[in-house]
Amino acid sequence: MGRVGVLLLNLGGPDQIEDVRPFLFNLFADPEIIRIPFPWMQKPLAWLISTLRFQKSQENYRQIGGGSPLRRITEEQAASLQERLQSKGQDARVYVGMRYWHPFTEEAIAKIKRDRIEHLTILPLYPQFSISTSGSSFRQLEEMWGKDPALKDIEYTAIPSWYKRPGYIQAMSELIAQELDHNPNPDRVHIFFSAHGVPLSYVEEAGDPYQREIEDCTRLIMEHLNRSNEHTLAYQSRVGPVEWLKPYTEDAITELAENGVQDLLVVPISFVSEHIETLQEIDMEYRELAEESGIKNFYRVPALNTHPVFIEALADLVIESIESPSVKFSDVIRPSKIVKMYPQEQWQWGLTTGAEVWNGRVAMIGFVALLLELITGQGPLHSIGLL
């Protein structure tokens, strides 16, 4: 077969306090994070956000030790996966490519070319597919493949999502069961699945399967867990003035407290590694909210990290992908419909009556809301520590 490689894709995070500002710039310069009507304003707006508010974000990273552990954990996952593949008789090299910080995807591709990899499995560390996570990385890679003739010699296959893998479901269930069994009254603990949110328009207008896959994943985990505990699914980390998937995590926590829930176990369902959204947003902000709302006992299931059952599941997934027909970028990155509020590349602003209406409303509402948030320090971006 030739030299085999595996490219693990992830978001990335600042390694140290000094990295926070350029990391924020990279994050908000991606139109999949903040969509604005005029592409030429994307980088100036990213510069404005990262310049005015990076100190607040730095404080959040100081609360978790001065930087994100995401790079370290992802590299540990890569090393564990490579070792497990080799133990199964598959000689493969595993690489890490981050979307917004080092090691960038471009750095990983340079190593893949240097090592003369001939067959590459591209595996996002997002169990559920979204056009804003896996889709964004796939689009970036497709552009790289289109510009670099040397990459056309690499036979690749992309894995869009893998939340149904039995090993992944088993590993998640084991972690939940362990936390429940540490509780003196495990049956009365309310299991709270918190997933990263996406704009509602992605689902309703662009056909993003993310919500459906998250809901299906929650169902599979609860069925495998086979406990009588009640559970809730909510979405955290919304960004910007538009509507995101509901219920929002903070609203759901408050409502559960009002309904008399005393014991809450939070499960970070869309995250496989510890990072700012688990260590600071869930463990600190949501814990404080829960306790202030009247919940007495707040617990949290750890992220999978290098859980052996999880790594085994990834190894089996890679081997199956090598032996199966390849999946190309064009098979997985195309939204089924152009999004108006968060427009895709070909959406035309101002050419029709409808477009003019969206142009005016989004430009006014979006920019005014963002500027007010920058000035007042209050709003959804501020609430998750990105502003």
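Residues numbered from 1 in each chain as written. Predicted model: local features only at pLDDT ≥ 70, side-chain atom pairs only at ≥ 80, totals over all residues. Heavy atoms only, no water.

## What to know about the pattern of salt bridges
Stage number 1. Counted according to the given criterion, the structure contains 20 salt bridges.
Stage number 2. In this structure, Arg114 and Asp115 form a salt bridge, with 3.1 Å as the shortest nitrogen-oxygen distance.
Stage number 3. By relative accessible area, which is 58% here, Arg114 ends up exposed.
Stage number 4. Where Asp216 meets Arg219, a salt bridge forms, and the shortest distance between an N and an O atom there is 2.4 Å. Taken as a pair, Asp216 and Arg219 lie in helix α8 (residues 210-225) at a separation of 3 residues, close to a single helical turn.
Stage number 5. Residue classification places Asp216 among the buried residues on the basis of a relative accessible area of 15%.
Stage number 6. By relative accessible area, Arg219 is classed as partly exposed at 39%. (Salt bridge = Lys/Arg side-chain N within 4 Å of Asp/Glu carboxyl O. Buried < 20%, exposed > 50% of the residue type's maximum accessible area, 1.4 Å probe, protein only. Helix = DSSP H or I, 4+ residues; strand = E, 2+ residues; numbered from the N terminus.)

## Topic: the sheet that holds strand β8 (residues 297-300)
Stage number 1. The strand order β6-β5-β7-β8 describes an open sheet built from 4 strands, whose pairing is parallel. Whereas interior strands pair on both sides, the edge strands pair on one side only; in this sheet they are β6 (231-236) and β8. If you compare each strand with its neighbour and ignore which way they point, the axes differ by 25° on average.
Stage number 2. Pairing between strand β5 (residues 190-196) and strand β7 (residues 263-268): 5 bridges, direction parallel. Bridging across to β7, Ile191 finds its partner in Leu265.
Stage number 3. Against the sheet, helix α6 (residues 166-181) makes contact with β5, β7 and β8, and its axis sits at roughly 160° relative to β7, the strand it touches most.
Stage number 4. In this fold helix α10 (residues 276-293) packs onto β5, β6, β7 and β8, with an angle of close to 165° to the strand it touches most, β8. (Pairing = 2+ DSSP bridges. Axes fitted to C-alpha atoms, helices over the stretch in contact; angles between N-to-C directions. Contact = heavy atoms within 4.5 Å.)

## What about unusual backbone geometry?
Stage number 1. Of the consecutive residues His102 and Pro103, the connecting peptide bond is found in the cis state with omega at -10°.
Stage number 2. Here Pro103 is to be found in the loop between β2 (92-98) and α4 (105-114).
Stage number 3. Backbone torsion omega between Lys246 and Pro247 reads 5°, so that peptide bond is classified as cis.
Stage number 4. Along the chain, Pro247 falls in the loop between β6 and α9 (249-258).
Stage number 5. We note that Asn226 has phi near 55°; this positive angle belongs to a residue other than glycine.
Stage number 6. Tracing the chain through its elements places Asn226 in the loop between α8 and β6.

## Here's the deal with the pairing of strand β1 (residues 4-10)
Stage number 1. Of all 7 residues making up β1, 7 are buried, and the element is well covered by its neighbours.
Stage number 2. Residues Val4, Val6, Leu8 and Asn10 line one face of β1 and the alternating positions Gly5, Leu7 and Leu9 line the opposite face, and both faces are buried.
Stage number 3. In this structure, β1 lies alongside β2, joined through 7 bridges in parallel fashion. Residue pairing for β2: Gly5 is matched across the bridge by Arg93.

## Overview of the nonpolar core
Stage number 1. One finds Leu7, Tyr168 and Ile176 to be the most contacted residues of the largest nonpolar core, which totals 78 residues.
Stage number 2. Non-local contacts of Ile176, meaning those with residues more than four positions away in its chain, are made with Ile191, Phe193, Ile221, Leu225, Leu265, Val267 and Val301.
Stage number 3. If you look at the next biggest cluster of nonpolar residues, it comprises 17 residues, including Leu24, Phe28, Leu45 and Tyr100. (Core = buried A, V, L, I, M, F, W, Y, C linked by side-chain atoms within 4.5 Å.)

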